[in-house]
Every structure is written in C-alpha cells, then in structure tokens.
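Breakdown of the fold
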2 protein chains.
Amino acid sequence: MDKREIILSVAMKLFGQKGFEGTSVRDIASGAGVNIAMISYYFGSKEKLFESVVEYKSSGMKMIVAELENSSVSSIEKIDRIIDSYIERMFSTPQFHHLLHRELSLDHRPQMHDAITEILLRNVVTIKSILQKGIESGDFKNVDPELTIATLIGTISHLLISETMCRKILQKGKDFNPFQSKKLKERVSEHLKQLMRSHLLESAKA
Amino acid sequence: MDKREIILSVAMKLFGQKGFEGTSVRDIASGAGVNIAMISYYFGSKEKLFESVVEYKSSGMKMIVAELENSSVSSIEKIDRIIDSYIERMFSTPQFHHLLHRELSLDHRPQMHDAITEILLRNVVTIKSILQKGIESGDFKNVDPELTIATLIGTISHLLISETMCRKILQKGKDFNPFQSKKLKERVSEHLKQLMRSHLLESAKA
DNA sequence: TTAAATTAATTAAACGTTTGTTTAATTTCA
DNA sequence: TGAAATTAAACAAACGTTTAATTAATTTAA
C-alpha cells in the first residue's frame, strides 16, 4: 500500500479515537511507520492532513440516496432503503462518524466545519425531497420532514455512542446490558422501519 | 461570585466550545480573570478541573424522570413529560451536552468516560422501566424499549448539532435553512410527541 | 481593641515537556 | 546524473505545572 494511504488510514483511526488536538503528528508517524517529516512532506501540515482524511473517507460516502430519488419504488420503500443504507454505512465506520460529529460540535476550524456540513447535507436535501413528495402525493401523513430526518439519523448516531458506552460498562463487569439479544444492526433496522411506518403511514395502512 | 465558580463556568464554556485538548489552562485563566496558578491551586490539575466541571454541571441535571416513575399519570403522559423535560434541559445547555457526547466518542480518559456514562444512564434505566411497564399493562405496543429511548434522545441530540450546522450555513449566506418557521423547541416537542403516539399506541387509539 | 501570628489567596517567573514544523544531509530509484 | 523519498536533528512556540515571594484575610493573645 502507498505510504500516503497508510498515513491517511492511521490518521483517520487516531483522529477518530482521540480527536484532532488529542492526536500528535508523532503518534501518526510512528503508527504509520514513517518519519515524522513525511507528514509535512506529503500533506503540508497536520490540519491539511485532517482535511485530507475527511475528503478521503467521505469520497466513499456517496449514497444510494441520490439514485433513489427518481426510482420507481414506493415512497415507504424508499425510506426503508435509506434506513438500511445509513445503518450499513454508519456502523461500518463508526470512528469516522465520531470524528465528523465531534468536529461539528466544536467551534474552531470553521473551514473544516463547512466541509463536513456540506458532506452531511448532501443526503439530507434528497431525503427531505423524498419525504415532501410522499406527503404531497398522499402516501405519507403530514409530518415534519426535517425533524423526521433528525429522528432517522439521530437514532443511529446516538446508538453508535451508546454502544461505546455499553461496551465500557460491560468491561467494568456491571450487570446492565441494553444490547444483549440479536444483532444490533438488524434490531435498529427493524425498529426504524416500524417506527417510520407508524409515523408516516395512515393507521388504515399500518 | 466565588472565583472557584467563575473558573468552573468559564472552563465549562471553553471545554464545550473547543474541547478538552483544544482548551489551554491559560485560556481558562485569562477568561476567568485569574492567575494561571489558581487552577492548580483550586483544582489540582486541568484534568481534575474537567471532572469538576462535569460534576458541577451534572448536579443540576436531576430530572423529573425519577419522580415520574411512580406517579399516577397515564403511560403516554409520562412519555410526554419526559420529552419536554429532555428538550428543556438539552436546549438550555447545548454546550454541556456537546461536551458530554464529545467525551463519550473519545477513547482516552476512561475514568471520565465512566463518570459521564453513569450520569447519562441514570435516566435511561427509569425511562426503560416506564416503557416496559406500559408494554406489560397493554398501554403500549410491543416496541423495542432501548431503541425507542435512542430515538428520543438521539433526535434531540442530533438537532443540537444540526442547529449549529444551520447557523453556520446561514452565516455563509446560502439559501437552505431547515429550521425556518416556528420556535424550534415547540416544533421538536410536537414532533416527538406525535411520533411516540404513533409508535407506542394502537392504531385504534391514535 | 489592638498587635502579632498564622493561614489563605494571589502573583510573576521559571520549569521541563511536548507540540507542529523545518532544515539540511543522505539514501533510493529511475 | 538527477529528481524524489527519507532521515536525524534542531527549531521556536505552546503546553501543564511548580516555585518562591508577596499580599490579603483571619485567628490568636495581650
């Protein structure tokens, strides 16, 4: 593998685990097995490396959502697919999503803020449009589209953190485990799909 | 106001805005208008100051939830009150919740991790019990309790971040604003209550 | 009620580390 | 031979923390 890519993936892992300020350039260099000067050599600076990580990892985030908008499946089916698509992506790279949300909750690095915002908003616009078309066509009840999106993404996002929480607790040997049974991803998928059906469809159809 | 308290609230503000590593002891000292040595003098270290901030702010987080559990109101009414209670608290101190969730998404400072986990889990246990009783008594449908909680908290939590996002966008003068109309808090309350009614109650009752 | 004694609060300065970055020399490879 | 890749070493700046001296406040004793 290219040394540049090794640096990128090590940086992504460490930024995800310990945050931007919490990760030193020396950590990254030794983790990637390269000399510390190679980071400036390849990326210019620590901050530019961070931006490269975001760009690098988010390029793999292009979603089915865009293609979905004008496809011929039913409105509720579109929602189902969005749910599974988000679950799949967010659970497969939890560290990266930790990184994105952490950066959004911070006040400095406004440039990075904007870049991440733009990434996350891409899909939001599409999903909003799907919801609105569903409402207009009478497929969906007259719900609040933006807040419905917040519920979808927020539920998954919160679970990524909760899971971390629970793992910590289990390691400490306490006896409370909210995520015992069944595979978590399937559970979330089932929960969100049921939730959205109750939320979006008329009772008669439920 | 006590100088100790001034330091605590300045520290809470800065940790909330810039994160733990992103905030220097000198920032806090000058923000509070005290000598830099006072932080060691009062709190021992930067890390202990951080722990004090969490303890200080979370002591004000005792919820109505606990009292609610054995009260005589209906099951769905309990959920309504929990929703409003969470909205009120999380929107009134968004920085502190940013701080909590950011810390949870990080891998170091396991001790702090555990302290925050414990704070957040207090209410979760109670809400779970309310949901389970509602299910057993037939008031609620047979939903997934833990994931329902994730939806409640996750929706609000995600909105705190989304709002930040939107403010950034608006400053940049773009034309997309997902949170135009009406006061956000009321909107969220209405959305979540409707959502939970569809989710928890039988169609007949809806 | 004073004056001395004692403790607490506050300060400026310095400490040793660690930080991100750069330099200048060397190796690698085409 | 020449450009690209890699290195060890050094850089100044910022970091959290400590020191030792000074001022303020409180307690004790006459």
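Our subject is the structure that appears above.
What comes next is a walk through the structure. (Residues numbered from 1 in each chain as written. Chains lettered and ligands numbered in written order. Predicted model: local features only at pLDDT ≥ 70, side-chain atom pairs only at ≥ 80, totals over all residues. Heavy atoms only, no water.)

1. Let's talk about helix α6 (residues 75–92) of chain B
Its 18 residues place the ends of α6 of chain B 26 Å apart at the C-alpha level, agreeing with the 26 Å of an ideal helix rising 1.5 Å per residue. With 13 of 18 residues buried, α6 of chain B is to be regarded as a mostly interior element. (Helix = DSSP H or I, 4+ residues; strand = E, 2+ residues; numbered from the N terminus. Expected span 1.5 Å × (residues − 1). Buried < 20%, exposed > 50% of the residue type's maximum accessible area, 1.4 Å probe, protein only.)

2. Examining the pattern of salt bridges
Summed over the entire model, instances satisfying the criterion amount to 24 salt bridges over all chains. Of the charged contacts, one joins R81 of chain B and E77 of chain B as a salt bridge, the two residues approaching to 3.4 Å between their closest N and O atoms. Of this pair, R81 of chain B and E77 of chain B both sit in helix α6, separated by 4 residues, roughly a single helical turn. According to the relative accessible area criterion, E77 of chain B is partly exposed, its value standing at 30%. A single network of salt bridges, built from pairs that share partners, joins K128, D144 and E146 of chain A together with R187 of chain B. (Salt bridge = Lys/Arg side-chain N within 4 Å of Asp/Glu carboxyl O.)

3. Focus on unusual backbone geometry
Residues and elements named next belong to chain A. Phi angles above zero are rare outside glycine, and R109 is one such case at about 55°. Mapped onto the elements of the fold, R109 is located in the loop between α7 (94–104) and α8 (110–136). Judged by its relative accessible area of 9%, R109 falls in the buried class.

4. Description of the interface of chain B and chain A
Taken together, the contact pairs 50 residues of chain B with 50 residues of chain A. Together, the buried faces of chain B and chain A total about 4800 Å²; carbon and sulfur atoms form 67% of this surface. The tally of links from chain B across to chain A stands at 4 salt bridges. In this structure, E146 of chain A and R187 of chain B form a salt bridge, with 2.8 Å as the shortest nitrogen-oxygen distance. Scanning the region where chain B abuts chain A turns up 16 residue pairs in polar contact (both at pLDDT 80 or more). Secondary-structure elements contributing two or more residues to the side of chain B that touches chain A are α1 (3–18), α7 (94–104), α8 (110–136), α9 (145–171) and α10 (184–200) of chain B. Broken down by element, the residue count for the side of chain B that touches chain A peaks at 15 residues, all from α9 of chain B. Considered class by class, the residues forming the side of chain B that touches chain A number 18 nonpolar, 20 polar and 12 charged. (Contact = heavy atoms within 4.5 Å. Buried area = accessible area lost by both parts, 1.4 Å probe. Polar contact = N/O pair within 3.5 Å; in protein donor to acceptor, adjacent residues only side chain to side chain. Nonpolar A, V, L, I, M, F, W, Y, C, P; charged D, E, K, R; others polar.)

5. Side note on the protein's contact with DNA strand D
Near DNA strand D you find 16 residues, and of these M38 and Y41 of chain A together with V25, R26 and K46 of chain B are the closest. Sugar and phosphate atoms represent 46% of those atoms of DNA strand D found within 4 Å of the protein. At 3.2 Å, a side-chain N or O of Y42 of chain A approaches a phosphate oxygen of DNA strand D. When residues of the surface near DNA strand D are traced back to their parent elements, those giving at least two are α3 (37–43) of chain A together with α2 (25–32) and α3 (37–43) of chain B. Residue contributions to the surface near DNA strand D peak at 4 residues, all from α3 of chain A. When its residues are assigned to classes, the surface near DNA strand D shows 7 nonpolar, 5 polar and 4 charged. (Near = heavy atom within 4 Å.)

6. Things to note about the packing of helix α10 (residues 184–200) of chain A against α10 of chain B
Running from N to C, α10 of chain A and α10 of chain B point in directions that differ by 105°, and their axes come no closer than 8 Å. Of the possible angle classes, the one that applies to α10 of chain A and α10 of chain B is roughly perpendicular. Here H191, L195, S198 and H199 of chain A of α10 of chain A come into contact with α10 of chain B, specifically with H191, L195, S198 and H199 of chain B. Across the contact of α10 of chain A with α10 of chain B, the residue classes break down as 2 nonpolar, 6 polar and no charged. (Axes fitted to C-alpha atoms, helices over the stretch in contact; angles between N-to-C directions. Parallel < 35°, antiparallel > 145°, perpendicular 65-115°, else oblique.)

7. Details of the protein's contact with DNA strand C
Looking at DNA strand C, there are 16 residues lining it, with V25, R26 and K46 of chain A together with M38 and Y41 of chain B nearest. Between a phosphate oxygen of DNA strand C and a side-chain N or O atom of K3 of chain B, the distance comes to 3.4 Å. With respect to DNA strand C, the side chain of Y42 of chain B contributes an N or O atom lying 3.1 Å from a phosphate oxygen. Of all elements in the fold, only α2 (25–32) and α3 of chain A together with α3 of chain B reach the threshold of two or more residues within the surface near DNA strand C. Looking at the surface near DNA strand C element by element, the count peaks at 4 residues for α3 of chain B.

8. Some details on the environment of L68 of chain A
All names here are of chain A. Considering the arrangement of structural elements, one finds L68 in helix α5 (residues 65–69). Relative accessible area serves as the criterion here: at 6%, L68 is assigned to the buried category. In the structure, L68 is positioned 14 residues away from I82 in sequence and 8.5 Å away in space, judged by C-alpha atoms. What L68 contacts, discounting residues up to four positions off in sequence, is K78, R81 and I82.

9. What to know about the packing of helix α6 (residues 75–92) of chain A against α8 of chain A
All names here are of chain A. α8 packs onto α6 with a crossing angle of 160° between their chain directions and a minimal axis gap of 10 Å. Between α6 and α8, the crossing angle belongs to the class labelled roughly antiparallel. Between α6 and α8 the crossing geometry is left-handed. Contacts between α6 and α8 involve S75, K78, I79, I82, Y86 and R89 on the former and, on the latter, N123, I127, I130, L131 and G134. Classifying every residue of the contact of α6 with α8 gives 6 nonpolar, 3 polar and 2 charged. (Left-handed = near helix turned anticlockwise from the far one by under 90°.)

10. Quick look at the packing of aromatic side chains
Two aromatic rings are characterised by how far apart their centres lie and by the angle between their planes. By the definition in use, this model includes 10 aromatic pairs over all chains. Ring geometry for Y42 of chain A against F43 of chain A: centres 6.4 Å apart, planes inclined by 65°, an arrangement best described as edge-to-face. Note on Y41 of chain B and Y42 of chain B: the rings are 5.4 Å apart at their centroids and 70° apart in plane angle, and the pair reads as edge-to-face. Using a relative accessible area of 31% as the deciding quantity, one classes Y42 of chain B as partly exposed. Following the ring pairs from residue to residue traces out a cluster consisting of F15, F20 and F50 of chain A. (Phe/Tyr/Trp six-rings, centres within 6.5 Å; stacked < 30°, edge-to-face > 60°.)

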